[in-house]
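Residue strings, one per chain:
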Amino acid sequence: MKREFFSAPLDLKCVKVTDRFWGREQETVRTQVIPYQWEALNDRVEGAEPSYCMHNFRAAARLLEKKRALGSAFRAPTYTDRGFQQLPDDPAHPDPDRFYGFVFQDSDFSKWIESVAYSLAQHPDSALEAAADGAIDVVCAAQHESGYLDTFYLLNGMDRAFTNLRDHHELYCFGHLAEAAVAYYQATGKDKLLRAACRFADCIGAHFGPEGGAKGYPGHEVAEMALVRLYEATGEEQYLRLSRFFLDQRGTQPHYFDQEARERAAYEGKPFRQDGDPQRYAYHQAHLPVREQSEAVGHAVRAGYLYAGMADVAKRTGDEALYAACRRLWDSVAGEKLYITGGVGGTVHGEAFSYPYDLPNDSAYSETCAAIALVFFARRMLEISPEARYADVMERALYNAVPAGMGLDGKSFFYVNPLEVVPDSCRRDQRLAHVEPVRQKWFGCACCPPNIARLVSSVASYAYTENGDTLWTHLYLGSSLTKRVGKRALRLEMETDMPWQGCARMSIRTDGPVDCTLAFRIPGWCRRAAVTAPEGIARTDREGYCYLSGTWRDGDAVALDFDMEVRFVAANPRVREDVGKAAVVRGPITYCAEEADNGRDLHLCRLDPAGRGQVRVDMEDVLGFPLAALRVPAWREVPSPPGDELYREYAPPALERMTLRLIPYFAWANRGEGEMRVWLRV
Ligand code: FUB
Ligand code: ZN
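Residues numbered from 1 in each chain as written. Chains lettered and ligands numbered in written order. Predicted model: local features only at pLDDT ≥ 70, side-chain atom pairs only at ≥ 80, totals over all residues. Heavy atoms only, no water.

**Regarding the overall build of the protein chain**
Selection rule: Here a helix means four or more residues in a row that DSSP labels H or I, a strand means two or more in a row labelled E, and each is numbered from the N terminus. Throughout, radius of gyration means the C-alpha value; the globule benchmark is 2.2 Å times the number of residues raised to the power 0.38. Buried means the residue's accessible area, taken with a 1.4 Å probe over protein chains only, is under 20% of the maximum for its type, while exposed means over 50%, and partly exposed covers the values in between. Only heavy atoms enter the contact rule, under which two residues are in contact if any of them lie within 4.5 Å. Reported accessibility uses the Shrake-Rupley method at a 1.4 Å probe radius. Residues are deemed covered only where the shown protein chains occlude them. Here the positive residues are Lys and Arg and the negative ones are Asp and Glu; neither His nor the chain ends is included. The atoms used to mark charge sites are NZ of Lys, CZ of Arg, CG of Asp and CD of Glu.
In terms of helices and strands, the protein chain carries 18 helices and 24 strands. Taking 682 residues into account, the globule formula puts the C-alpha radius of gyration at 26 Å, and the protein chain, at 26 Å, falls close to it. The principal-axis extent of the C-alpha atoms belonging to the protein chain is close to 80 × 75 × 50 Å. Buried residues in the protein chain amount to 61% of all 682 residues. Pairs at least 24 apart in sequence give 72% of the contacts found in the protein chain among residues at least 6 apart. As displayed, the protein chain has an accessible area near 26,400 Å², and 49% of this comes from carbon and sulfur atoms. Side-chain charges of the protein chain comprise 81 positive and 95 negative groups, with the mean position of each set lying 2 Å from the other.

**Points about the packing of helix H7 (residues 192–207) against helix H8 (residues 223–234)**
Quick note on the threshold: Comment: axis = line fitted to C-alpha atoms, over the contacting stretch for helices; angle = value between 0 and 180 degrees taken between N-to-C directions. Should an angle fall under 35 degrees it is called roughly parallel, over 145 degrees roughly antiparallel, and 65 to 115 degrees roughly perpendicular, with every other angle called oblique. Should the near helix be turned anticlockwise from the far one by less than a right angle, the crossing is left-handed, and should it be turned clockwise, the crossing is right-handed. Three classes are used, and their members are as follows: Ala, Val, Leu, Ile, Met, Phe, Trp, Tyr, Cys and Pro are nonpolar, Asp, Glu, Lys and Arg are charged, and the others, Gly among them, are polar.
Packing of H7 against H8 leaves a shortest axis separation of 11 Å and a crossing angle of 120 degrees. As far as their axial angle goes, H8 and H7 are oblique. Every pair of crossing elements has a handedness; the one defined by H7 and H8 is left-handed. On H8, the residues touching Leu194, Ala197, Cys198 and Ala201 of H7 are Leu227, Leu230 and Thr234. Across the contact of H7 with H8, the residue classes tally to six nonpolar, one polar and no charged.

**Some words on the coordination of the zinc ion (ligand 2)**
For a metal with four donors in a tetrahedral arrangement, the ideal angle between donors is 109.5 degrees, while six donors in an octahedron ideally sit at 90 or 180 degrees. Test applied: A donor here means an N, O or S atom no more than 2.8 Å from the metal, or no more than 3.2 Å when the metal is Na, K or Ca. Since water is not included, a site may seem to lack partners. When four donors show all angles between 85 and 135 degrees the site is tetrahedral, when four or six donors have opposite pairs over 155 degrees and all other angles between 65 and 115 it is square planar or octahedral respectively, and in every other case it is irregular.
Distances from the zinc ion (ligand 2) to its protein donors, Glu367 (OE), Cys369 (SG), Cys447 (SG) and Cys448 (SG), fall at 2.0 to 2.3 Å. Coordination at the zinc ion (ligand 2) is tetrahedral, judged from the four donor atoms that bind it and the angles of 95 to 115 degrees they form at the metal. All donor residues of the zinc ion (ligand 2) come from one chain, and their arrangement in sequence is E-x1-C-x77-C-C. Placement of the pair is Glu367 in the loop between helix H12 (320–336) and helix H13 (368–384) and Cys448 in helix H16 (residues 448–457), with a sequence separation of 81 residues. Of the two residues, Glu367 and Cys448, neither departs from the other in class, the shared state being buried.

**A short note on the site of ligand 1**
We apply this condition: Each residue is tested against the molecule or strand, and it is near if at least one of its non-hydrogen atoms lies within 4 Å. Any N or O atom pair separated by 3.5 Å or less is treated as a polar contact, with the protein-specific requirement of one donor-capable and one acceptor-capable atom, and with residues adjacent in sequence counted only for side-chain atom pairs.
Near ligand 1 the following residues occur: Phe104, His169, Tyr172, His220, His299, Val301, Glu351, Glu367, Tyr415, Cys445 and Cys447. In this structure, an oxygen atom belonging to ligand 1 sits 2.7 Å away from a side-chain N or O atom of His169. In the model, an oxygen atom of ligand 1 is placed 2.7 Å from a nitrogen or oxygen of the His220 side chain. Taken together, the residues that form the shell around ligand 1 break down as six nonpolar, three polar and two charged.

**A short note on empty space enclosed by the protein**
Over the atoms, a rolling probe the size of a water molecule traces out where space has been left empty. Let me state the cut-off plainly: Site definitions follow a grid-based scheme: protein atoms alone, a 1 Å grid, a 1.4 Å probe that fits but cannot get out for cavities, and for pockets an open set with protein on both sides within 12 Å along at least five of seven lines, plus lining residues having an atom within 4 Å of a point. Grid points are joined across faces, edges and corners, and a volume is the space filled by probe spheres set on the points.
Inspection of every chain in the model, using the stated rule, returns six cavities of 30 Å³ or more. Estimated volume of the largest cavity: approximately 50 Å³. Lining of the largest cavity is provided by Ala300, Gly304, Tyr307, Val333, Val344, Phe353, Ala370, Ala373, Leu374 and Phe377. Only helix H11 (300–317) and H13 provide two or more residues apiece to the lining of the largest cavity. Looking at the lining of the largest cavity residue by residue, the class counts come to nine nonpolar, one polar and no charged.

**As for the pattern of salt bridges**
Heads up, the condition is: Between Lys or Arg on one side and Asp or Glu on the other, a salt bridge is scored when a side-chain nitrogen of the former is within 4 Å of a carboxyl oxygen of the latter.
Summed over the entire model, instances satisfying the criterion amount to 57 salt bridges. Of the charged contacts, one joins Arg195 and Asp191 as a salt bridge, the two residues approaching to 3.2 Å between their closest N and O atoms. Among the ionic pairs, Arg389 bridges to Asp331, the shortest N-O distance being 3.1 Å. Of this pair, Arg389 sits in helix H14 (residues 388–404) while Asp331 sits in helix H12, and the two are 58 residues apart along the sequence. Here Arg389 falls in the partly exposed class, since its relative accessible area comes to 35%. Among the residues examined, Asp331 registers a relative accessible area of 39% and is labelled partly exposed.

**A closer look at the pairing of strand S17 (residues 581–586)**
Heads up, the condition is: One bridge is not enough; two strands pair if DSSP finds at least two bridges between them.
Along S17, six of the six residues are buried, which leaves the element largely enclosed by surrounding structure. Neither face of S17 is exposed, since Lys581, Ala583 and Val585 on one face and Ala582, Val584 and Arg586 on the opposite face are all buried. One ladder, built from four bridges, connects strand S16 (residues 566–569) with S17; its direction is antiparallel. Looking at S17, one finds that Arg567 is bridged to Val585.

**Considerations on the layout of surface pockets**
By volume, the largest pocket is sized at about 720 Å³. Forming the boundary of the largest pocket are 34 residues, of which Pro9, Leu10, Gln186, Arg229 and Arg379 lie nearest the centre. Secondary-structure elements contributing two or more residues to the lining of the largest pocket are strand S1 (8–9), helix H3 (106–122), helix H6 (170–188), H8, H11, H13, H16 and helix H17 (460–463). Per-element tally for the lining of the largest pocket: the top contributor is H6, with six residues. Broken down by class, the residue content of the lining of the largest pocket amounts to 17 nonpolar, four polar and 13 charged.

**Description of the side chain of Ser110**
Mapping Ser110 onto the fold places it in helix H3. With relative accessibility at 2%, the residue Ser110 sits in the buried group.

**Looking at the environment of Val622**
Looking at where Val622 falls in the secondary structure, it is placed in strand S20 (residues 616–622). Considering only alpha carbons, one finds Val622 and Gly309, 313 residues apart in sequence, at a separation of 38 Å. Sequence-distant contacts of Val622, that is, excluding residues within four places in its chain, are made with Leu408, Leu627 and Arg671.

**Section: the side chain of Asp258**
The residue Asp258 is located in helix H10 (residues 256–268) in this model. Nearest to the buried, unbridged Asp258 among oppositely charged side chains is Arg280, at 4.4 Å. Among residues more than four places away in sequence, those in contact with Asp258 are Phe272, Gln274, Arg280 and Tyr281.

**Overview of unusual backbone geometry**
With omega at -5 degrees, the peptide bond leading from Gln253 into Pro254 counts as cis. With respect to the secondary-structure elements, Pro254 resides in the loop between helix H9 (237–249) and H10. Cis rather than trans, the peptide bond between Met498 and Pro499 has omega equal to 0 degrees. Positive phi outside glycine occurs at Phe162, with the angle close to 60 degrees. Residues other than glycine seldom take positive phi values, yet Leu623 does so here, at roughly 50 degrees.

Fair warning: the whole summary comes from geometry, so function is off the table for now.
What follows is the structure, given as structure tokens:
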């Protein structure tokens, strides 16, 4: 690892997002998603499945209050297994003292607080901050004296806490809590939740660890990343050590998940039965020690969070073997398992990565959270080594699979992000039972919407990273920011209309000359790039970045012009589903055809490669969202008349000219239900 290239994201309070695209997304999150989610966490959304998230914290706080009041007379609940999702017998009358929802329901609160924190850093809002403080009070009141803070076991019986790491998400809930706590502390300076997260971390550290502790590790990763964040926020080395311990344990033998299952069976007086699923370890990325892993496998969100955590620890500890594994796993994802939308996790079975080049379009799982996890991984790889290939993938996910997860109005969401939809097939074909042709208001398992909210509201921390004298621009984001170089501050204004136009201009304000380097990514999608810098500034190029070094003065500017032509992209022929097809892309945006513009039977439409030069690009407004739509010369096979025979002698099909109207993939399914297709026949 070349430490001279290490960097870290900017403090979000030093960046003001002025970007037209992301500014609008952030406003949608601030004005729609965050308030809606708060109502959802409190079970106040009519017609939506209750979350029970805040219900559980309130119930746990009451239980602990009772414990304090009764002292030794208190009888704690003893654990009975009520399942992965617990629902009231009578939904109209939930028991106020029982746990409800999924085992990981607490994480919804944490993701909400995290989004609130980022949003407050951009847009102070005293009413929202007061609501968040109130929620934090409730959550902190639910913390056990040992520091333990997971309502599933607090309410169901803490006697069996930490006995099912594989399935029961305590360490996952801890991870999200810690991420939220750090974000809220950094945004507001308030440390109540941070102290609670540290106490929970200490409780976990007392239970697990190399010296005599249990040798477990999270069944659903995220704690690895979160502990590193906690370490950075507090300077407490034990959090970094615990993160590394979890990584070191994963995939070692005997398998911890089997050991704990054996222990549970003995406790319950039942015979131990080995889980017969051959993928049982790979699902959790526990099939091999992490430093020996080369292929991205298993549950895609888990995998992305793990790889991001590995990169975090590799960077802080200089662990070359861990970093080498990160690079191999990156290549596996980006080289063999990535959709052109930036989505990952192609199969519904285990919400998982499939085998290399298996990227089905209609049955794609491509969970929104998995694309988000990939963004986390990419940013960490950039922090270690700024190579444009990581930022290219990050950008692809950020402009396609991630925003597709949310409707343009911020009121409906996709969990699954297919690249081809025929609504009738989704309804009739069991193979497609997981695919929804329209976004849903909310989900019982509501992991994706709050994940979008926290990513969108913190997008600036993916656009830039810095070290002492270098600022890297990974994504072109309209923004103004401050970069400190020694005792001086540079104020930088980035103006751009990405992703619709390929130009950006950075202007520099400073009280005096500043020696430093500004590094700009040359996007992989652009064939011709022009960078204009002030005289006297030296240029070097490395791994897809243009480094401009020298003495910067007030009024200096850098102009970047990236060619953004419309391209027809073919997939590697090993991707069986895409043979004979092309996807249309422009800049970082992947396009799709929708029934609303092109009628039904999109499978009969063919792009005309000879017409590539005649594609029209028009800025349009779709439901108040400005976007570039394309008009592409194409052919349509003349469909058979109804009642035509099923088979016939082969003859070249009759074709008629048509113009396909394509819109960005992220904007699909905002105009009612209909067919959609990314990969079009050529
Ligand atoms: O298990 C917690 C979250 O719920 C996962 O990350 C998602 O895939 C969903 O299963
Ligand atoms: Zn999700």
